[in-house]
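Here is what each chain is made of, one letter per residue.
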Amino acid sequence: MTSITTGRKPKVLSFGPINYADGGEGYMKDFEKQWDIDILKPTTRIDTIANLKTRVSHSGPYDALMIHDLDLIIDEEMLTPLLPGLKVVVSASAGYNEFDVDFMTANGIWFCNARHAVSEATADLAVFLILAVVRDTTRGEKQVRDGRWRGQITPTLDPNGLTLGIIGMGGIGKHIAKKISCFEMKVHYYNRTRLSPEDEHRYGAKYCSSMGELLSISDVVSVNCPLNASTRGLIGKAEFARMRDGSFIVNTARGAIVDDESLIEAVKSGKIARAGLDVFTDEPKVNPYFVECDRFTLQPHLGGMTVGTFKKAERECCENLKAWFQSGKPLMSINKA
């Protein structure tokens, strides 16, 4: 059990309402028997911190903080008003580069992301982008909308027989490998840890011992690794030089993993024929060249933005909170408090 011994229920402050977890199945009614929930709607960073201090003063302390999909950096300044009561932070997103995990660890706070919820939906969007760049659908749609029918569009490649190289073979990468098999693409992957022979067979994926090897044999590269200090700028000028002429790249992970200027140079030179991006280095700001150039298929970070994903993500958050209260540790965490 946790250190809560006053007989009160633990209390979670949610940045935004928990809209999807219940699913009409009574899930939240059961959760609220165990936890008290307060809602704080985030606005600007300055106002959110001020409102957070007021809320803690009037209604705190809070044992947990739940974060939904939002464009805020959750760092020392944001978390300090919740100390010393805060013991666990749960996020409904898979990525966590916006969170100061080191600060949480130093202050005895568990941090949990939604590592499973977003995998399949993000893989779906990655497959969409793979097909879009191979078949040049963005320029085709633009021609129709401009009243020019096919215009100067030339025949495209077929996906079957092409080699897909996956960088990062976690949950999302595995779903992509499984789904893309319908299009008879050959799958290779590079990952920090090689999959078991059973998993390689299950996903029809062949291992590359280096990223350079993967890049050199792939017709399409899909970026699916997390953003951290070692992967920021992972794909730059040297990496594009290793890729096949006229190849394709898709990024549904984090924008900063691929260096913008190197990607632009690769597209201008023809090294990269087309690129599909769901994520951007400074999102919601988008590099103007990506918008202007019709060789980019762009999405506004929609990878995990489905009703089913939100339901699973919020439930994953709640299950981690329930486990923490019952046993003193969440089911799955990024750190160890």
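The present account deals with the structure reproduced in this document. Model, not experiment: these values are computed from the prediction.

Procedures and definitions
Residues numbered from 1 in each chain as written. Predicted model: local features only at pLDDT ≥ 70, side-chain atom pairs only at ≥ 80, totals over all residues. Heavy atoms only, no water. Pairing = 2+ DSSP bridges. Helix = DSSP H or I, 4+ residues; strand = E, 2+ residues; numbered from the N terminus. Axes fitted to C-alpha atoms, helices over the stretch in contact; angles between N-to-C directions. Contact = heavy atoms within 4.5 Å. Salt bridge = Lys/Arg side-chain N within 4 Å of Asp/Glu carboxyl O. Buried < 20%, exposed > 50% of the residue type's maximum accessible area, 1.4 Å probe, protein only. Core = buried A, V, L, I, M, F, W, Y, C linked by side-chain atoms within 4.5 Å. Parallel < 35°, antiparallel > 145°, perpendicular 65-115°, else oblique. Left-handed = near helix turned anticlockwise from the far one by under 90°. Nonpolar A, V, L, I, M, F, W, Y, C, P; charged D, E, K, R; others polar. Right-handed = clockwise from strand over helix to strand, strands pointing away.

**A short note on the sheet that holds strand 10 (residues 247-251)**
Next up, step 1: In spatial order, the strands read 8-7-6-9-10-11-12; together these seven strands make up an open sheet with parallel pairing. The two strands at the open ends of the sheet, each matched to only one other strand, are strand 8 (205-207) and strand 12 (296-298). Each neighbouring strand pair of the sheet contributes to a mean axis angle of 20°, computed without reference to strand direction.
Next up, step 2: Here strand 7 (residues 186-190) pairs with strand 8 via three bridges, running parallel. Residue Val-187 lies in a different strand from strand 8, and its bridge partner there is Ala-205.
Next up, step 3: Its contacts with the sheet place helix 7 (residues 171-180) against strand 6 (163-167), strand 7 and strand 9 (220-223), and it is angled at close to 165° to strand 6.

**Focus: the pattern of salt bridges**
Two side chains that carry opposite charge are able to pair once their charged atoms sit near each other.
Next up, step 1: The full count for this structure, using the stated rule, is 20 salt bridges.
Next up, step 2: Here Arg-254 and Glu-98 are joined by a salt bridge, their closest N and O atoms 4.0 Å apart. Taken together, the positions of Arg-254 in the loop between strand 10 and helix 11 (260-269) and Glu-98 in the loop between strand 4 (88-91) and helix 4 (101-106) put the pair 156 residues apart, joining distant regions of the chain.
Next up, step 3: Relative accessible area serves as the criterion here: at 15%, Arg-254 is assigned to the buried category.
Next up, step 4: For Lys-322, the salt bridge identified is with Glu-319, shortest N-O distance 2.8 Å. In this pair, Lys-322 and Glu-319 both sit in helix 13 (residues 307-327), three residues apart, roughly one turn of the helix.

**Quick word on the nonpolar core**
Next up, step 1: Ranked by size, the top nonpolar core spans 28 residues in total, and within it Ile-167, Phe-240, Ile-249, Leu-263 and Phe-296 carry the most contacts.
Next up, step 2: Going through the elements one at a time, helix 9 (211-217), strand 9, helix 11 and strand 11 (272-277) are the ones with two or more residues in this core.
Next up, step 3: Counting residues per element, this core draws most heavily on helix 11, at four residues.
Next up, step 4: Leave out the neighbours within four places in its chain, and Phe-240 touches Ile-235, Ile-249, Val-258, Ser-262, Leu-263, Ala-266, Lys-271 and Ile-272.

**Structural notes on the packing of helix 1 (residues 27-34) against helix 13**
Next up, step 1: The contact between helix 1 and helix 13 brings their axes to 11 Å, and the two run at 25°. Considering the angle they form, helix 1 stands roughly parallel to helix 13. Classified by chirality, the crossing of helix 13 by helix 1 is left-handed. Contact residues: helix 1 offers Tyr-27, Met-28, Asp-30, Phe-31 and Gln-34, while helix 13 offers Arg-315, Cys-318, Glu-319, Leu-321, Lys-322 and Gln-326.
Next up, step 2: When its residues are assigned to classes, the contact of helix 1 with helix 13 shows five nonpolar, two polar and four charged.

**A short note on the pairing of strand 1 (residues 11-15)**
Working note: regular strand, side chains alternate between the two faces of the sheet.
Next up, step 1: Along strand 1, five of the five residues are buried, which leaves the element largely enclosed by surrounding structure.
Next up, step 2: Of the two faces of strand 1, both are covered, the one formed by Lys-11, Leu-13 and Phe-15 as well as the one formed by Val-12 and Ser-14.
Next up, step 3: Inspection of the sheet shows strand 1 paired to strand 2 (residues 36-40) by five bridges, in the parallel sense. Among the inter-strand pairings, Ser-14 is bridged to a residue of strand 2, identified as Ile-39.
Next up, step 4: Crossover connection from strand 1 via helix 1 to parallel strand 2: handedness right-handed.

**Focus on the pairing of strand 9**
Next up, step 1: Burial of the side chains of strand 9 extends over both faces: Val-220 and Ser-222 are buried on one face and Val-221 and Val-223 on the other.
Next up, step 2: The sheet contact formed by strand 9 and strand 10 spans four bridges and is parallel. Within strand 10, the position partnered with Val-223 by the bridge is Asn-251.
Next up, step 3: This β-α-β element, strand 9 to helix 10 (residues 237-242) to strand 10, shows right-handed connectivity.

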